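Coordinate inspection notes
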Amino acid sequence: MLRFGHYYPNSPTRHFRSRTLAFRGIFVTFRSFLPESPRLLLTKDEIPKFKKVMRKIAAKNSSVITSVFEDLVLKAQEEEKKKVPFSQILKSFVLAKHLILLSLLFSLYLIIFSAINFNLHNMTGNIFINYFILTIFDIPGNIIGNWASDYLGRRMSSVLFEILSAICFIIPIIFINNEWIVVVFCAIAKMFGGAMMLAVYKQVGELFPTSLRATAYGVTGVVGMAASIVAPSITALGQKNPAIPYYFVCGFSIIGAILCSFLPETLGLPYPQTMREAISIGKNQPYFSIIYKGNVHKKLHQTKPKKVRTLDVSEIKA
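Residues numbered from 1 in each chain as written. Predicted model: local features only at pLDDT ≥ 70, side-chain atom pairs only at ≥ 80, totals over all residues. Heavy atoms only, no water.

With an unreviewed UniProt entry as reference, the protein is termed Solute carrier family 22 member 21, source organism Armadillidium nasatum. Its UniProt record gives the protein a comment under Subcellular location (unreviewed entry), which states: "Membrane". (UniProt positions renumbered as here; feature names shortened; annotations may be inferred.)

Structure representation (structure tokens):
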């Protein structure tokens, strides 16, 4: 079994631990400002807290709670207590396909993310400066990913980001002995990868019905984290040739771009509430369709099933 201490004498593991502690501190600080999930409160029969949270949501959206609210609460409580098994996803070819694609994309991203961080010991230059550069680029990555996924669409932006990430990984292979080019382009590639992941993360919630949405997030996350275990083995190959890890991550980015193209565009679509709504997403979208904010209403109108005209009685007699 490989030991990090043997292959990574200057391992940045302690820095990852410090960052984890910092995140936990931020979470504890802001936890009091975050309300409980309404769905969780329903399942726990905490109706007064549920109503309080819903009133806050209504106030933020400038909505008015009517007298029908009480009846809807009871109905929603009954629906939330119905447990939908994971097998429902596997019974549907469309949902199973979406789950596999998303799990693969999570896996590829986390492998690339982990491999780049673990590959610090193969980079020349100061390890602390390199780690800072790799980390600071995550901020613009999230900003760009959120903007692009809302304006260019989830599908087109994720494919574009994966292609740009693959291109950026080619540069370190060519200039492997230049420490600044290697770390900067790795950071830019990591930035595009993070932007892609944000767009894909949105699609997890937009491709699965309410009853299976949390399950889909859990499965894709667990599969991705399990796949990242191969990252140390990839970076260990850099001991013989520092360029080898970049060949792997470049290839993974290209595969990710291909996989992203097979996911349907979900921009502008309401969250599916039932299995039937989730299965119908992307049913009439051509593979080469380009949907973005400027034409989303037109495209979605075109994908709606045509209404069948019913004959009037007078027409039948004629």
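1. A word on the overall build of the protein
Of the regular secondary structure elements, the protein holds 17 helices and 0 strands. Counting over 318 residues, the protein shows a buried share of 41%. Long-range contacts, defined here as pairs at least 24 residues apart, represent 78% of the contacts in the protein between residues at least 6 apart. In the form shown here, the protein has an accessible surface area of approximately 19200 Å², with 66% of it arising from carbon and sulfur atoms. (Helix = DSSP H or I, 4+ residues; strand = E, 2+ residues; numbered from the N terminus. Buried < 20%, exposed > 50% of the residue type's maximum accessible area, 1.4 Å probe, protein only. Contact = heavy atoms within 4.5 Å. Areas by Shrake-Rupley, 256 points an atom, 1.4 Å probe, with all protein chains shown as cover.)

2. Some points on the environment of Phe-262
Residue position: Phe-262 is located in the loop between helix H14 (244-261) and helix H15 (275-280). We classify Phe-262 as partly exposed; its relative accessible area is 44%. On a C-alpha basis, the gap between Phe-262 and Leu-101 in space is 8.0 Å, while along the polypeptide they are 161 residues apart. Setting aside residues up to four positions removed in sequence, Phe-262 forms contacts with Leu-101 and Tyr-287.

3. Section: the packing of aromatic side chains
As enumerated under the stated definition, the model contains 8 aromatic pairs in all. With a centroid separation of 4.9 Å and an interplanar angle of 90°, the aromatic rings of Tyr-287 and Phe-288 are classed as edge-to-face. It is Arg-155 that lies over the ring of Tyr-287; its NZ or CZ is 5.2 Å from the centre. (Phe/Tyr/Trp six-rings, centres within 6.5 Å; stacked < 30°, edge-to-face > 60°. Lys NZ or Arg CZ within 6 Å of the ring centre and 35° of its normal.)

4. With respect to the nonpolar core
In this structure, Met-123, Leu-134, Phe-169, Val-200, Phe-208 and Tyr-246 are the most contacted members of the largest nonpolar core, which totals 58 residues. Those elements that place two or more of their residues in this core are helix H7 (93-118), helix H8 (127-136), helix H10 (154-174), helix H11 (179-207), helix H12 (210-227), helix H13 (231-236) and H14. Setting aside residues no more than four positions away along its own chain, Phe-169 makes contact with Ile-112, Ile-116, Ala-189, Tyr-246, Val-249, Cys-250 and Ser-253. (Core = buried A, V, L, I, M, F, W, Y, C linked by side-chain atoms within 4.5 Å.)

5. Quick notes on the side chain of Ser-165
Turning to its location among the elements, Ser-165 is positioned in helix H10. With a relative accessible area of 1%, Ser-165 lands in the buried category. Among all residues touching Ser-165, those that are not within four sequence positions of it are Ala-189, Phe-192, Gly-193 and Ser-253.

6. Topic: the pattern of salt bridges
Pairs can form between side chains of opposite charge whenever their charged atoms are close. One pass over the structure, following the stated rule, counts 5 salt bridges. In this structure, Arg-154 and Asp-150 form a salt bridge, with 3.0 Å as the shortest nitrogen-oxygen distance. Taking the relative accessible area as the measure of exposure, Arg-154 reaches 7% and is therefore buried. In this structure, Arg-154 and Glu-206 form a salt bridge, with 2.6 Å as the shortest nitrogen-oxygen distance. Separated by 52 residues along the polypeptide, Arg-154 in helix H10 and Glu-206 in helix H11 bring together distant segments of the chain. Beyond isolated ion pairs, a larger network of salt bridges with shared partners links Asp-150, Arg-154, Lys-202 and Glu-206. (Salt bridge = Lys/Arg side-chain N within 4 Å of Asp/Glu carboxyl O.)

7. Examining the packing of H7 against H12
Two numbers describe how H7 lies on H12: the axes approach to 7 Å, and their chain directions differ by 40°. Looking at the two axes, H7 sits oblique to H12. Judged by the twist between their axes, the crossing of H7 over H12 is right-handed. Contacts from Leu-99, Leu-102, Ser-103, Phe-106, Ser-107, Leu-110 and Ile-111 in H7 reach Ala-216, Val-219, Thr-220, Gly-221, Val-223, Gly-224, Met-225 and Ala-227 in H12. (Axes fitted to C-alpha atoms, helices over the stretch in contact; angles between N-to-C directions. Parallel < 35°, antiparallel > 145°, perpendicular 65-115°, else oblique. Left-handed = near helix turned anticlockwise from the far one by under 90°.)

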